[in-house]
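Spelled out from the first residue to the last, the chains are:
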Amino acid sequence: MLNQMRNGATGFVVKVLMVLLIMSFALWGIGDSIVRSGGSTNLAKVNGDPIEMAEYQKQIEILRRRFGASFTPQLLRELNLYELTLSEMVNRRLTELEASRLGLHIDDDTLADIIRQTKAYYNARGIFDKAVFSEVARQYGMSDNEFIERYRNDLAADLVATSLTISPPVHEAEAEILYHMKHEKRRVLAVSMGIPEEFRVPVPADSVLTGFYDARRSRYKAPEYRALRYVFVTPDELMEKISISKQEIIERYQQQIQDLTSPERRQVQQLLYPSQDEALRAIKLLDEGISFKDVAIKIPPINRESSDLGLRLHSELPAGSDAVFALKEGGYTQPVESAFGWHIFRVKKIVGERVPPLEAVNGKLESDLRHLKAETMLSDTIERFEDALASGMPIEEAAKEADITAHTSEPVDRNGRAADNSDALPVGTYHALLEIAYSLPKGERSEISYLPDGTFYMVVVDGITAPRERTFEEVRGQVLQDWIQSERLEQNRKHVEEKLRQLQAHSHPDEQSVRAALDNESGIMVAEMTLRRDAAAGEAEGPVAERLFAAGLTDEIFTLGKHDWLTGVKAYQDGFIFAVLLDTIPAPATDSADGKALLAAERETLRQEYIEEIEAQYLTYLRQRYPVQINQEAMQSIIAAEE
């Protein structure tokens, strides 16, 4: 939670998954007692203290807002986020309890310093901004005070975890074994053999085709189709109706002039000395007309290698901001004390405050006004649409009342495709609408739903066509195509295996002899590439590499030795692929510069794994010290409601 708060909204989807998957070390249900709900609103209890359903649902709602259109019940199930979210909440409670028992407390001054130094709460000028902090708090459904207290608790809990894992030992032998395995490379010749055009098959008898069809009936089954009426309104549609006058742009410019203005900045140099005496000696030399550069040579400062601070705002200096911004170009300050020592600042250049002309920001101002008006129009449109629906109007009339369009689709499957396999509703755009449509019974209207970009939608299911088996006659053409493809693929498989047997009859070949043996083949692609166990390296790109990875040949390549230098044949979608081992390239020597750096990285990876294991074991211990009860019935009711 603490890492999420520190990073705010940036890259949230990835970060929240990492937090949930890494922090939920204790296996679901281990050491926990399972209780029946009995009508209770408690989802779990930790040491007798309840976790309410409302608190859990708030966390799910945070996920909903962050994932946006990709948030679906299916996603929650596939990533196990229902249980992981609760597990993370339980783990946080456990570490908070332990922090309290150990007397760990973050005082107000320390907490304030940490928050002020957290870049997630900086504004565009690079300084802490309370408004930004409040916005992040709002995104987590908390007031500022609630957010601060959560921050305090999480910092204390963080101390509990980090105190256990400051410097776990790493087994050197294990690190070296993993290092050599991970960084060993194999140079191979990958051979991809598609189906040659000359592989022809005669049209089979109907009995063959019907047998092929009978063995694969599920492949030819017609899916469920649903006929829909819906509204799907994007902000862009509304913005097309908006016009912005020149006068509105002028007024917006006058209102925003302060935010649009670039404040004065100064290119600053500094000499930093550990004592006032040295700083005063440097000032004396400057007063005598000696250059800043030469003074640094005569009386070397602490910051000898970094005297130029670059262009700085008033708020971005370590000390003496007022004195610096009172100087003229070329002027320097008297010694200024800070926690770092004694500073002498010199203004090398002044970049004055700049107010952009209206013409330079006209486009941005117009765009901002359009978005503001679109937000207002969106709110008004939704309100009129809801009022019309509440009065009993059908969806078409309600849409007309709100000046939006209601659509009718032909029957579509879950992927938005019609019976002829055309895209009636693009699933990328209408994925969320289709998810809801396939959860409704016939004749029922959904609630108004929203996407993060402001799009809103509603759907009515007018008809449902149940899945059914298509007859052989309905799919005869497709069955014939599939049978021909299957037969050609089988012919090719036998051909490739025969070619492999011919190669195996020779001693270990070089690249040239393998290519020569394959010269007369059609539908063939050969590529030399260098691979690691866990990733492509060197020239491992292109269609042959894609087929090699898709066929899962990498693991087999790294089992090959001096005498078994050929992999087996693996299938990909339209052909087969195998690989010839040409060379084994060991990892860099551990006493080389590259080897030392890579081995150090491997040690750090192992150290992180040890830390995770220690934390997992510690959380298991905490679950024994502080009893945990999970209300499975309440949990299932939430999952059912979401789905």
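Whatever comes next refers back to the structure up there.
Chemist: In this structure, what is going on with the overall build of the protein? I would like to understand it.
Modeler: Along the backbone of the protein there are 24 helices and 19 strands. A total of 643 residues make up the protein; the buried ones form 41% of that total. Taking all contacts inside the protein whose residues are at least 6 apart in sequence as the whole, residues at least 24 apart take part in 73%. Accessible surface computed for the protein: about 34,700 Å², of which carbon and sulfur atoms make up 50%.

Chemist: Where do I start with the sheet that holds strand β13 (residues 456-465) in this structure?
Modeler: Taking strand neighbours across the sheet as the criterion, the 4 strands line up as β11-β6-β13-β12 in an open arrangement whose pairing is antiparallel. The sheet is open, and its two borders are formed by β11 (407-412) and β12 (449-450), each paired with just one other strand. Examined bridge by bridge, β12 and β13 share 2 bridges and lie antiparallel to one another. Residue Tyr450 lies in a different strand from β13, and its bridge partner there is Phe456. Packed onto the sheet, helix α16 (residues 358-390) meets β6 (225-233), β12 and β13 and runs at close to 40 degrees relative to β13. Along the sheet face, helix α18 (residues 427-437) touches β6, β11, β12 and β13 and points at about 125 degrees away from the line of β6.

Chemist: For this particular structure, what's the right way to read the environment of Val475?
Modeler: Relative to the helices and strands, Val475 is located in the loop between β14 (468-469) and α19 (476-504). Among residues more than four places away in sequence, those in contact with Val475 are Tyr213, Tyr220 and Arg470.

Chemist: Before we go on, may I ask you to explain the pairing of strand β3 (residues 49-52) in this structure?
Modeler: Every other side chain in a regular strand lies on the same face of the sheet, so the side chains alternate between the two faces. Looking at chain direction, strand β2 (residues 42-46) and β3 are connected through 4 bridges and run antiparallel. Directly across from Lys45, in β3, lies its bridge partner Pro50. Hairpin connection of β2 to β3: 2 residues between the antiparallel strands, including Asn47 at a positive phi of 55 degrees.

Chemist: How should I be thinking about helix α9 (residues 172-183) in this particular structure?
Modeler: Because each turn of an α-helix spans 3.6 residues, side chains separated by three or four positions end up pointing in the same direction. Compared with an ideal rise of 1.5 Å per residue, which puts 12 residues at 16 Å, α9 spans 16 Å between its outermost C-alpha atoms and is within 8% of the ideal. Of the residues making up α9, those classed as buried are Ala175, Tyr179 and His183. Buried residues in α9, looked at end-on, bunch into an arc of 35 degrees, giving them a common side. Counted as exposed and oriented over 90 degrees from the buried face of α9: Ala173 and Ile177. Where the residues of α9 are buried, they touch β4 (185-194), β18 (575-585) and α23 (593-625).

Chemist: How should I be thinking about the packing of aromatic side chains in this particular structure?
Modeler: Think of a pair of aromatic rings as described by two things: how far the centres are apart, and how the planes are tilted against each other in angle. Following the criterion strictly, the structure yields 11 aromatic pairs and no others. Taken together, the ring pairs in this structure connect Tyr121, Phe133, Phe147 and Tyr151 into an aromatic cluster. Positioned above the aromatic ring of Phe212, the side-chain terminus of Arg216 is 3.7 Å from the ring centre. The aromatic ring of Tyr438 is capped on one face by Arg226, whose charged end is 4.9 Å from the ring centroid.

Chemist: Teacher, can you tell me more about the nonpolar core here?
Modeler: It is characteristic of soluble globular proteins that their nonpolar side chains tend to be buried jointly. Grouped together as the largest cluster of nonpolar side chains are 40 residues, with contacts concentrated most on Tyr56, Leu86, Val90 and Phe147. In terms of residues, this core owes the most to one element, helix α5 (residues 81-101), which gives 8 residues. One finds Phe558, Leu560, Trp565 and Leu581 within the second-largest nonpolar core, a separate group that totals 31 residues.

Chemist: Would you explain the packing of helix α10 (residues 206-214) against α19 in this entry?
Modeler: When two helices pack together, their arrangement is captured by the angle between the axes and the distance separating the axes. Look at α10 against α19: their axes get within 10 Å of each other, and the N-to-C directions meet at 90 degrees. Classified by the angle between their axes, α10 and α19 sit roughly perpendicular to one another. Every residue of α19 that contacts α10 at Asp206, Val208, Leu209, Phe212 and Tyr213 is listed here: Arg476, Val479, Leu480, Asp482, Trp483 and Ser486. Of the residues in the contact of α10 with α19, the class split is 7 nonpolar, 1 polar and 3 charged.

Chemist: Please explain the packing of α5 against α23 as it appears in this structure.
Modeler: Packing of α5 against α23 brings their axes to within 10 Å, and their N-to-C directions diverge by 75 degrees. Classified by the angle their axes make, α5 and α23 are roughly perpendicular. Here Ser87, Val90, Asn91, Leu94, Thr95, Glu98 and Arg101 of α5 lie close against α23, whose contacting residues are Tyr618, Leu619, Tyr621, Leu622, Arg623 and Arg625. Taken together, the residues that form the contact of α5 with α23 break down as 6 nonpolar, 3 polar and 4 charged.

Chemist: Explain the environment of Leu317 to me, please; I cannot follow it from the model alone.
Modeler: Counting through the fold element by element, Leu317 comes out in the loop between β8 (308-312) and α15 (321-324). Taking the relative accessible area as the measure of exposure, Leu317 reaches 9% and is therefore buried. In the structure, Leu317 is positioned 49 residues away from Val268 in sequence and 9.0 Å away in space, judged by C-alpha atoms. Residue contacts for Leu317: discarding those within four places in its chain leaves Val268, Leu309, Arg312, Val324 and Phe325.

Chemist: What's the story with unusual backbone geometry in this structure? I'm lost.
Modeler: One can expect most non-glycine residues to show negative phi and most peptide bonds to be in trans. A positive phi is found at Asp403, a non-glycine position, where the angle reads about 60 degrees. As for its placement among the helices and strands, Asp403 is situated in the loop between α17 (395-401) and β11. Unlike most non-glycine residues, Asn421 shows phi in positive territory, near 70 degrees. Turning to its location among the elements, Asn421 is positioned in the loop between β11 and α18.

Chemist: How do you make sense of the sheet that holds strand β10 (residues 341-351) when you look at a structure like this?
Modeler: The pairing of strands in a sheet happens through backbone hydrogen bonds and is either parallel or antiparallel. Spatial strand order, β8-β7-β10-β9: 4 strands in an open sheet with antiparallel pairing. Each having just a single partner strand, β8 and β9 (336-338) make up the two edges of the open sheet. Neighbour-to-neighbour, the strand axes of this sheet turn through a mean angle of 40 degrees, independent of strand direction. Across 4 bridges, the pairing between strand β7 (residues 265-273) and β8 is antiparallel. Bridging across to β8, Arg266 finds its partner in Arg312. Across the sheet, helix α13 (residues 276-287) is in contact with β7 and β10; its angle to β10 comes to roughly 35 degrees.

The rules behind the values
- Residues numbered from 1 in each chain as written.
- Predicted model: local features only at pLDDT ≥ 70, side-chain atom pairs only at ≥ 80, totals over all residues.
- Heavy atoms only, no water.
- Helix = DSSP H or I, 4+ residues; strand = E, 2+ residues; numbered from the N terminus.
- Buried < 20%, exposed > 50% of the residue type's maximum accessible area, 1.4 Å probe, protein only.
- Contact = heavy atoms within 4.5 Å.
- Areas by Shrake-Rupley, 256 points an atom, 1.4 Å probe, with all protein chains shown as cover.
- Pairing = 2+ DSSP bridges.
- Axes fitted to C-alpha atoms, helices over the stretch in contact; angles between N-to-C directions.
- Expected span 1.5 Å × (residues − 1).
- Arc of directions from axis to C-beta.
- Phe/Tyr/Trp six-rings, centres within 6.5 Å; stacked < 30°, edge-to-face > 60°.
- Lys NZ or Arg CZ within 6 Å of the ring centre and 35° of its normal.
- Core = buried A, V, L, I, M, F, W, Y, C linked by side-chain atoms within 4.5 Å.
- Parallel < 35°, antiparallel > 145°, perpendicular 65-115°, else oblique.
- Nonpolar A, V, L, I, M, F, W, Y, C, P; charged D, E, K, R; others polar.

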